[in-house]
Amino acid sequence: MAAAAELKLLEKSLGLSKGNKYSAQGERQIPVLQTNNGPSLTGLTTIATHLVKEANKEYLLGSTAEEKATVQQWLEYRVTRVDGHSNKEDIHTLLKDLNLYLEDKVYLTGYNFTLADILLYYGLHRFISSTLGEMCHDCRQASERLSELAGSGFLQHRAVTEENTSHVDLTVQEKEKYLNVSRWFCHIQHYPGIRQHLSSVVFIKNRLYTNSH
């Protein structure tokens, strides 16, 4: 997914009115935003941080000094480690490292949802939807709880997430290998307002049963 498309998704999830126009710079197609009141902003994380502040949702950048540093660390990880990688071996190494990190965490900063989760979800979506088929035990119950915490009814949200669905299936060994990543991804794709038109990956417990919708 192009960085400009991600930023449009982010704008919508933050409740910002449409209107920003993005251009791309160089071979890596680095996004550029021309602001109304100053110089242009360059780079995915720089622009994303600006949008969060514009939406007055700075809690997404972290609440404590340590949390803010962790958010910045993962935003940098997104740009330096995830973007531009399409080699299968590199992706599996990335997923292995992330799976280990998420072993005792709900979100990247621990227990608080932040911009880092949003951008890493967008960055990994194409790899997860085509590569990773994980078991996400009690995923629906976890999604209900997340929606409840976010102040949104699960039934209303469920109607959105069942559209444009990708079904993924791997061996039992592969499922066990990235269980923590799949759990985290499952949480984020069900977080209200984040997935939008992106395909929803169905994490199944048993290869015999799939969602046909």
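The shown structure was predicted, so the numbers you read here are calculated from the model rather than taken from an experiment.

**Notes on the overall build of the protein**
Stage number 1. From N to C terminus, the protein includes nine helices and five strands.
Stage number 2. In sequence order, the secondary structure elements of the protein are arranged as α-β-β-β-α-α-α-α-α-α-β-α-α-β.
Stage number 3. Evaluated residue by residue, the protein yields a buried proportion of 46% over its 213 residues.
Stage number 4. Here the contacts in the protein between residues at least 6 apart in sequence split such that 72% fall between residues at least 24 apart.
Stage number 5. About 11,500 Å² of surface is accessible on the protein, with carbon and sulfur atoms providing 48% of the total.

**Observations regarding the confidence of the model for the protein**
The predicted coordinates should not be examined in detail at positions where pLDDT is low.
Stage number 1. On average, residues of the protein score 77 in pLDDT, and 71% of them are at 70 or above.
Stage number 2. Overall, residues 133-171 carries pLDDT values under 50, and its contacts beyond four positions in sequence, including any with other chains, amount to 87 contacts.

**Comments concerning the packing of helix α3 (residues 65-82) against helix α4 (residues 88-101)**
Stage number 1. With their axes 12 Å apart at the nearest point, α3 and α4 run at an angle of 165 degrees to one another. When the interaxial angle is binned, α3 and α4 end up roughly antiparallel. Crossing of α3 against α4: the hand is left-handed. In this structure, α3 contributes Thr 70, Trp 74, Tyr 77, Arg 81 and Val 82 to the contact, and α4 contributes Leu 94, Asp 97, Leu 98 and Tyr 101.
Stage number 2. In terms of residue class, the contact of α3 with α4 is built from six nonpolar, one polar and two charged.

Calculation criteria
- Residues numbered from 1 in each chain as written.
- Predicted model: local features only at pLDDT ≥ 70, side-chain atom pairs only at ≥ 80, totals over all residues.
- Heavy atoms only, no water.
- Helix = DSSP H or I, 4+ residues; strand = E, 2+ residues; numbered from the N terminus.
- Buried < 20%, exposed > 50% of the residue type's maximum accessible area, 1.4 Å probe, protein only.
- Contact = heavy atoms within 4.5 Å.
- Areas by Shrake-Rupley, 256 points an atom, 1.4 Å probe, with all protein chains shown as cover.
- pLDDT = per-residue confidence, 0-100.
- Axes fitted to C-alpha atoms, helices over the stretch in contact; angles between N-to-C directions.
- Parallel < 35°, antiparallel > 145°, perpendicular 65-115°, else oblique.
- Left-handed = near helix turned anticlockwise from the far one by under 90°.
- Nonpolar A, V, L, I, M, F, W, Y, C, P; charged D, E, K, R; others polar.

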